[in-house]
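Residue-level structure breakdown
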Amino acid sequence: PAPAPAPVVAREEPKPAPKPEPRREEKAKRDRAAAPAPAPIPDLPGELCGIWAYIMWEEAGCPQRSDQEADLEYQRGISELKGFLRSGYTLDDLWKVANGEVKL
């Protein structure tokens, strides 16, 4: 008997090489350039910062703390307020929270 013919294998067309990914730094730079500039954060009134730090202290259970720890809590309060402003809250919104009118 004659040997069986070899099976016919369909050949795939070669795929074009993928375009190289831009380096992360270049992509990040382009993304920053394309993004709108964030609105400037208004100056935070000292009274609001103090009230905010006090609220944080109360929520923590009014713990005993050193002056250094109190200063650190105050700075954390300022950072939190700035974060809320960056995320779209207004100073008026934050004053309402500080005055107990609304909760975030």
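Residues numbered from 1 in each chain as written. Predicted model: local features only at pLDDT ≥ 70, side-chain atom pairs only at ≥ 80, totals over all residues. Heavy atoms only, no water.

Observations concerning the side chain of Glu-73
Mapping Glu-73 onto the fold places it in helix 3 (residues 67–86). Look past the residues within four positions of Glu-73 in its chain and what remains in contact with it is Ala-53, Met-56, Trp-57 and Arg-65. (Helix = DSSP H or I, 4+ residues; strand = E, 2+ residues; numbered from the N terminus. Contact = heavy atoms within 4.5 Å.)

Digging into the nonpolar core
The nonpolar side chains of a soluble globular protein tend to be buried with one another. Within the largest apolar cluster, 11 residues are counted, these being Leu-44, Leu-48, Cys-49, Trp-52, Met-56, Ile-78, Leu-81, Leu-85, Leu-94, Val-97 and Ala-98. Sorting the residues of this core by element identifies helix 2 (46–59), helix 3 and helix 4 (91–98) as the ones contributing at least two each. The element best represented in this core is helix 2, accounting for four residues. Not counting residues within four places of it along the chain, the set of residues in contact with Leu-85 comprises Ile-41, Pro-42, Leu-44, Thr-90, Leu-91 and Leu-94. (Core = buried A, V, L, I, M, F, W, Y, C linked by side-chain atoms within 4.5 Å. Buried < 20%, exposed > 50% of the residue type's maximum accessible area, 1.4 Å probe, protein only.)

With respect to the packing of aromatic side chains
A ring pair, where both rings are aromatic, is described by two values, the distance of the centres and the angle of the planes. Following the criterion strictly, the structure yields three aromatic pairs and no others. Between Trp-52 and Phe-84 the ring centres are 6.0 Å apart and the planes differ by 65°, which places this aromatic pair in the edge-to-face class. With Trp-52 in helix 2 and Phe-84 in helix 3, the pair connects residues that are 32 residues apart, well separated along the chain. Residue class for Trp-52 comes out buried when judged on its relative accessible area of 4%. In this structure an aromatic cluster arises from ring pairing among Trp-52, Phe-84 and Tyr-89. (Phe/Tyr/Trp six-rings, centres within 6.5 Å; stacked < 30°, edge-to-face > 60°.)

Thoughts on the packing of helix 2 against helix 3
Packing of helix 2 against helix 3 leaves a shortest axis separation of 8 Å and a crossing angle of 110°. Relative to helix 3, the element helix 2 lies roughly perpendicular. Across the interface between the two elements, Gly-46, Leu-48, Cys-49, Gly-50, Trp-52, Ala-53, Met-56 and Trp-57 of helix 2 pack against Glu-73, Tyr-74, Arg-76, Gly-77, Ile-78, Glu-80, Leu-81 and Phe-84 of helix 3. Tallied by class, residues from the contact of helix 2 with helix 3 come to 10 nonpolar, three polar and three charged. (Axes fitted to C-alpha atoms, helices over the stretch in contact; angles between N-to-C directions. Parallel < 35°, antiparallel > 145°, perpendicular 65-115°, else oblique. Nonpolar A, V, L, I, M, F, W, Y, C, P; charged D, E, K, R; others polar.)

Quick look at the confidence of the model for the protein chain
Confidence in the prediction for the protein chain averages 83 pLDDT; 67% of positions are at 70 or higher. Per-residue pLDDT, averaged within each element of the protein chain, yields its smallest value for helix 1 (residues 24–34) (68) and its largest for helix 4 (95). (pLDDT = per-residue confidence, 0-100.)

Focus on the packing of helix 2 against helix 4
Look at helix 2 against helix 4: their axes get within 10 Å of each other, and the N-to-C directions meet at 45°. Put simply, helix 2 runs oblique to helix 4. Of the two possible hands of crossing, helix 2 and helix 4 adopt the one that is left-handed. Packed against helix 2, whose contacting residues are Glu-47, Leu-48, Ile-51, Trp-52 and Ile-55, the element helix 4 presents Leu-91, Leu-94, Trp-95, Val-97 and Ala-98 at the interface. Its residues assigned to classes, the contact of helix 2 with helix 4 shows nine nonpolar, no polar and one charged. (Left-handed = near helix turned anticlockwise from the far one by under 90°.)

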